[in-house]
Amino acid sequence: MDRNNSRRQLAAMKQSLFDQGHLDEQFIQLEELQDDANPNFVEEIVTLYYRDSSRLISSLEQTLHFCACGRERNPLDFNKLDTIMHQFKGSSSSIGAKKVKAESTLIREYCRTGNAEGCRKSFQQMKKEYVALRKRLENYFQLVRQAGPMERACRPK
Amino acid sequence: MEIDDLPYQFPEGLRVFVIDHDTTQLHVIANMCFQCNYRVATCIVASFTLHLLRETNGRFFYVILIEAQMSDMDSYQFLQCVTQEIKIPVIMMCADNTTSERMNAIEKGACDYWLKPLNVNHINNMWQQFKNMIKLKEYFR
């Protein structure tokens, strides 16, 4: 009985992530790569994403912070920022992180137009979305582990 | 040799080299290739891959997938070297969809330019893009 409840909860959690625009179709692509040979694929990829993105966020903070402090207000290194954001956008989109991806696109636009204030504000917003998504996914996968192995629907190849 | 003369299980076993400095994306793409029963090698560094391809004269791989903005070397430089020296098809992948980038890639010899995030259909259908370039003799060795 407990298991059924877990599964219902899981389905609801996932649906909500999609309905609220946190995840997109790409997440489904990842789920479809998961099979008996690779039963925890999605969680593994998402965990990899946390690791990569933490590092990128540190780099971003360093790039944004360094230029804002100090005796002289140094111009923001937009090229460096855009390079990091290019990678961040790519990896976020590869796991289906819809809102994070959208904010990343915005930051890159600000880079292109040389808008430092826009970059900083967007970055704060993006970080918020990232943290929120990460928290929800961590809860989601915790529940996945509790619910146990799921029957996999057969999909015609 | 015509594409229709190939064994029925082709393109299973297609040997793909995936290059991306982002490990998350690298793993996702590699897994999509595994799903299609391709044989995959991966690398996060383009310069080392180029060295490897030169040393082996590209004997072991049929196609290369590379991120358009690698951090260790210019991907377009990589593209030119591979298409001129080693003559294996190269497909560029990028999260940006600008016409100029796409044109640049094709002009420099890329077989195709894929917008990220990839989906499994990209991988499934890719062999059709370069069927005339595939070293068929090597496949049957």
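In this report, we go over the structure that sits alongside the text. (Residues numbered from 1 in each chain as written. Chains lettered and ligands numbered in written order. Predicted model: local features only at pLDDT ≥ 70, side-chain atom pairs only at ≥ 80, totals over all residues. Heavy atoms only, no water.)

Overview of the interface of chain B and chain A
Part 1: Each side of the interface is counted separately: chain B has 19 residues, and chain A has 25 residues.
Part 2: Between chain B and chain A, the buried area comes to about 1,800 Å², and carbon and sulfur atoms account for 52% of it.
Part 3: Three residues stand out in chain B for area buried against chain A, namely Thr24(B), Gln35(B) and Pro117(B), and they jointly supply 29% of the buried area on that side.
Part 4: Taken together, the links from chain B to chain A amount to one salt bridge.
Part 5: Two residues, Arg108(A) and Asp96(B), come together in a salt bridge whose shortest N-O distance is 2.7 Å.
Part 6: Counting the contacts that link chain B with chain A gives eleven residue pairs in polar contact (both at pLDDT 80 or more).
Part 7: At eight residues, the largest contribution of residues to the side of chain B that touches chain A is made by helix α1 (residues 23-35) of chain B. (Contact = heavy atoms within 4.5 Å. Buried area = accessible area lost by both parts, 1.4 Å probe. Salt bridge = Lys/Arg side-chain N within 4 Å of Asp/Glu carboxyl O. Polar contact = N/O pair within 3.5 Å; in protein donor to acceptor, adjacent residues only side chain to side chain. Helix = DSSP H or I, 4+ residues; strand = E, 2+ residues; numbered from the N terminus.)

What to know about the packing of helix α4 (residues 78-94) of chain A against helix α6 (residues 116-147) of chain A
Residue and element names in this part refer to chain A.
Part 1: Direction vectors running N to C along α4 and α6 enclose 25°, while the axes themselves pass 13 Å from each other. Between α4 and α6, the angle falls in the class roughly parallel. Both α4 and α6 take part in a crossing whose hand is left-handed. Of the residues in α6, those in contact with Phe-78, Leu-81, Met-85 and Phe-88 of α4 are Ala-116, Cys-119, Met-126 and Tyr-130.
Part 2: Across the contact of α4 with α6, the residue classes break down as eight nonpolar, no polar and no charged. (Axes fitted to C-alpha atoms, helices over the stretch in contact; angles between N-to-C directions. Parallel < 35°, antiparallel > 145°, perpendicular 65-115°, else oblique. Left-handed = near helix turned anticlockwise from the far one by under 90°. Nonpolar A, V, L, I, M, F, W, Y, C, P; charged D, E, K, R; others polar.)

A closer look at the side chain of Ser75(B)
Residues and elements named next belong to chain B.
Part 1: With respect to the helices and strands, Ser-75 occurs in helix α3 (residues 75-86).
Part 2: Using a relative accessible area of 1% as the deciding quantity, one classes Ser-75 as buried.
Part 3: At 2.7 Å, the side chain of Ser-75 forms a polar contact with the backbone oxygen of Glu-67.
Part 4: Residues contacting Ser-75, with those up to four places away along its chain left out, are Ile-66, Glu-67, Ala-68, Gln-69, Met-70 and Met-92. (Buried < 20%, exposed > 50% of the residue type's maximum accessible area, 1.4 Å probe, protein only.)

A look at the side chain of Lys89(A)
Part 1: Summarising the element assignment, Lys89(A) is placed in helix α4.
Part 2: For the buried Lys89(A), no salt bridge exists, and the shortest N-O distance to an oppositely charged side chain is 4.4 Å, to Asp96(B).
Part 3: For Lys89(A), the residues in contact, after removing those within four places along its chain, are Lys101(A), Ser104(A), Thr105(A), Arg108(A), Ala95(B) and Asp96(B). (Lys, Arg positive; Asp, Glu negative; His and termini not counted.)

Quick notes on the packing of helix α5 (residues 98-112) of chain A against α6(A)
All names here are of chain A.
Part 1: The geometry of α5 relative to α6 is characterised by a closest axis approach of 9 Å and an angle of 165° between their N-to-C directions. Between α5 and α6, the crossing angle belongs to the class labelled roughly antiparallel. The way α5 lies across α6 gives a crossing that is left-handed. Within the contact between the two elements, α5 uses Lys-99, Val-100, Glu-103, Ser-104, Leu-106, Ile-107, Tyr-110 and Cys-111 and α6 uses Gly-118, Cys-119, Ser-122, Phe-123, Gln-125, Met-126, Glu-129, Tyr-130 and Leu-133.
Part 2: A class-by-class count of the residues in the contact of α5 with α6 yields ten nonpolar, four polar and three charged.

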